[in-house]
Amino acid sequence: MEKDYRKMLDRAYEELPDQMETTDRFQIPRAYVRQQGRRSYIMNFKEIADELRRDPKHLMKFLLNETATRGNFDGTRARFQGRFSSDSIRNLIEIYTNKYVICPVCNRPDTHIVRERRLNFLQCDACGARSSIGKS
Ligand SMILES: [Zn+2]
């Protein structure tokens, strides 16, 4: 009986490394962009912010700055004035992720933003590094 249990445990441990690898590599969430007339929408905007664990307002502000346009977040989707391709939006989200989510020291996404004297820092929960990300 005990032997069988041991075997089961061994097997369970053998299966672990694969699972850990998949959670290790952070996938940048893919934006689903739609154009309607002279407007563009990120249909899964809330999901993207959730996956990045960032305030949707913060991500929205970044995108509006980069695209130099106006827009708003309605709780689920983000709307932008003007036509923006999926590629350009995805590219901006990648830039955002690399700048505001991924720790530059250990390359992990387990971070949060802390504010001190009007300066923003990326505080890493994994390795403890604190990196400056500029003024707010
Ligand atoms: Zn780190």
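Heads up: the structure comes first, above all this text.
Residues numbered from 1 in each chain as written. Predicted model: local features only at pLDDT ≥ 70, side-chain atom pairs only at ≥ 80, totals over all residues. Heavy atoms only, no water.

Engineer: How should I be thinking about the overall build of the chain in this particular structure?
Structural biologist: Of the regular secondary structure elements, the chain holds four helices and seven strands. A total of 136 residues make up the chain; the buried ones form 31% of that total. Residue pairs at least 24 apart in sequence account for 44% of intrachain contacts in the chain once pairs closer than 6 positions are excluded. Of the roughly 9,700 Å² of accessible surface on the chain, a fraction of 46% belongs to carbon and sulfur atoms. (Helix = DSSP H or I, 4+ residues; strand = E, 2+ residues; numbered from the N terminus. Buried < 20%, exposed > 50% of the residue type's maximum accessible area, 1.4 Å probe, protein only. Contact = heavy atoms within 4.5 Å. Areas by Shrake-Rupley, 256 points an atom, 1.4 Å probe, with all protein chains shown as cover.)

Engineer: What am I meant to see in the pairing of strand β5 (residues 111-116) here?
Structural biologist: Relative to strand β6 (residues 119-124), β5 is paired through six bridges, and the arrangement is antiparallel. Bridge assignment links V114 to a residue of β6, and that residue is F121. What sits between the antiparallel neighbours β5 and β6 is a turn of two residues, in which R117 has the positive phi angle 45°. (Pairing = 2+ DSSP bridges.)

Engineer: Looking at this structure, how should I read the coordination of the zinc ion?
Structural biologist: Four donors placed tetrahedrally about a metal ideally form angles of 109.5 degrees, and six donors placed octahedrally ideally form angles of 90 or 180 degrees. Summarising the metal site, the zinc ion is bound by the protein donors C103 (SG), C106 (SG), C124 (SG) and C127 (SG), whose distances to it range over 2.3 Å. All donors of the zinc ion come from a single chain, and their spacing in sequence reads C-x2-C-x17-C-x2-C. Residue class for C127 comes out partly exposed when judged on its relative accessible area of 38%. (Donors = N, O, S within 2.8 Å, 3.2 Å for Na, K, Ca; no water.)

Engineer: Mind showing me how you'd approach the packing of aromatic side chains here?
Structural biologist: Under the defined criterion, the tally for this structure stands at five aromatic pairs. Ring centres of F45 and F73 lie 5.2 Å apart, and the angle between their planes is 55°; this geometry places the pair in the tilted category. Taken together, the residues F45 in helix α2 (residues 45-52) and F73 in strand β3 (residues 71-73) connect sequence positions 28 residues apart. Look at F45 and you get buried, because its relative accessible area is 0%. We classify F73 as partly exposed; its relative accessible area is 27%. Ring centres of Y96 and Y100 lie 5.0 Å apart, and the angle between their planes is 45°; this geometry places the pair in the tilted category. (Phe/Tyr/Trp six-rings, centres within 6.5 Å; stacked < 30°, edge-to-face > 60°.)

Engineer: How do you make sense of the pairing of strand β4 (residues 78-81) when you look at a structure like this?
Structural biologist: Sheet faces and side chains relate simply in a regular strand, where the side chains alternate between the two faces. Residues A78 and F80 of β4 are buried on one face, while the alternating residues R79 and Q81, pointing to the opposite face, are not. Inspection of the sheet shows β3 paired to β4 by three bridges, in the antiparallel sense. The partner of F73 across the bridge, within β4, is A78. Taking the residues between adjacent antiparallel strands as the criterion, β3 and β4 are bridged by four residues, where G75 takes a positive phi near 105°.

Engineer: It is not clear to me how unusual backbone geometry should be interpreted in this structure. Could you clarify?
Structural biologist: Trans is the common state for peptide bonds, and a negative phi is the common state for residues other than glycine. Backbone geometry places R53, a non-glycine residue, at a positive phi of 55°. Note on placement: R53 falls in the loop between α2 and α3 (56-67). Even without a glycine there, the phi angle at R118 is positive, about 65°.

Engineer: Would you take a moment to explain α3 for this structure?
Structural biologist: Note: α-helices contain 3.6 residues per turn, so residues at a spacing of three or four share the same orientation. With twelve residues, α3 ought to run about 16 Å at 1.5 Å a step, and its terminal C-alpha atoms sit 16 Å apart, in line with that. P56, L59, M60, F62, L63, L64 and T67 are the residues of α3 that are buried. Residues of α3 that are buried sit in contact with β2 (39-42), α2, β3, β4 and α4 (86-100). Two to three positions downstream of the cap, the backbone nitrogen of K57 sits 3.0 Å from a side-chain oxygen, assigning the N-cap of α3 to D55. (Expected span 1.5 Å × (residues − 1). Polar contact = N/O pair within 3.5 Å; in protein donor to acceptor, adjacent residues only side chain to side chain.)

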